[in-house]
Amino acid sequence: SSELAGTSWVVINYNNGQEAVVTPISGTELTAVFGADGTLSGSAGCNNYTPGYTVDGSNITIDPPASTRMACAEPEGIMDQEQAYLAALPTAATYQITGDNLVMRTADGAMVANFERQ
């Protein structure tokens, strides 16, 4: 088991896939809960998602997330945000926890997402 198992996080910022790290839209919350069973779950702002994940030391692999299929109209941009966040997660290759902060990065060291412990 890893130090991630059984922990819950909220996204401070994430990579939008356009070489920019952005904060979630005001009024939305992106979350990540790492289950002890190797399932990652959470809210992508509108829909819930549930990929599997594996950890080996400081390396992490996140499967492409399946999500529920609701469409949210408000706030503006919420569906683009969700798509970008869910696309970012499987690019994670490493993670580091420092106190109440979790940072996931790509193999190249680019930021995937930055989380605060819930």
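You'll find the structure just up there.
For the structure given in this document, a descriptive report is provided here. Just so we're clear, the structure is a prediction, and the values are computed from it rather than from any experiment.

Details of the overall build of the protein
At step 1: Looking only at helices and strands, the protein features one helix and ten strands.
At step 2: Each helix and strand of the protein, ordered N terminal to C terminal, gives the series β-β-β-β-β-β-β-α-β-β-β.
At step 3: The globule rule puts the C-alpha radius of gyration for 118 residues at 13 Å, and the 13 Å found for the protein is close to it.
At step 4: Viewed in the frame of its principal axes, the protein has a C-alpha envelope of about 40 × 30 × 25 Å.
At step 5: Classification of the 118 residues of the protein by burial places 40% in the buried group.
At step 6: Of the contacts made within the protein by residues no fewer than 6 positions apart, 48% connect residues no fewer than 24 positions apart.

Things to note about the packing of aromatic side chains
At step 1: Considering all chains together, one arrives at three aromatic pairs under this definition.
At step 2: Arranged with centres 5.8 Å apart and planes meeting at 80 degrees, the rings of Y49 and Y85 form a pair that is edge-to-face. Of the two residues, Y49 sits in strand β5 (residues 48–49) while Y85 sits in helix α1 (residues 78–88), which places them 36 residues apart along the sequence.
At step 3: Residue Y85 is classed as buried on the basis of its relative accessible area, which comes to 0%.
At step 4: Joined through ring pairs, the aromatic side chains of Y14, Y49 and Y85 make up one cluster.

Quick word on the state of the cysteines
At step 1: Scanning the entire structure with this criterion turns up one disulfide.
At step 2: What pairs with C46 in a disulfide is C72, and their sulfur atoms sit 2.0 Å apart. The sign of the S-S torsion, about 85 degrees, decides the handedness of the disulfide formed by C46 and C72: right-handed. With C46 in the loop between β4 (40–43) and β5 and C72 in the loop between β7 (59–62) and α1, this residue pair connects regions lying 26 residues apart in the sequence.

Re the environment of E82
At step 1: The topology assignment puts E82 in helix α1.
At step 2: C-alpha separation for the pair E82 and N16, spaced 66 residues apart in sequence, amounts to 9.5 Å.
At step 3: In this view, E82 contacts A44, G45, C46 and N47; residues no more than four positions away in its chain are not counted.

Procedures and definitions
Residues numbered from 1 in each chain as written. Predicted model: local features only at pLDDT ≥ 70, side-chain atom pairs only at ≥ 80, totals over all residues. Heavy atoms only, no water. Helix = DSSP H or I, 4+ residues; strand = E, 2+ residues; numbered from the N terminus. Rg over C-alpha atoms; globule rule 2.2 N^0.38 Å. Buried < 20%, exposed > 50% of the residue type's maximum accessible area, 1.4 Å probe, protein only. Contact = heavy atoms within 4.5 Å. Phe/Tyr/Trp six-rings, centres within 6.5 Å; stacked < 30°, edge-to-face > 60°. Disulfide = S-S within 2.5 Å.

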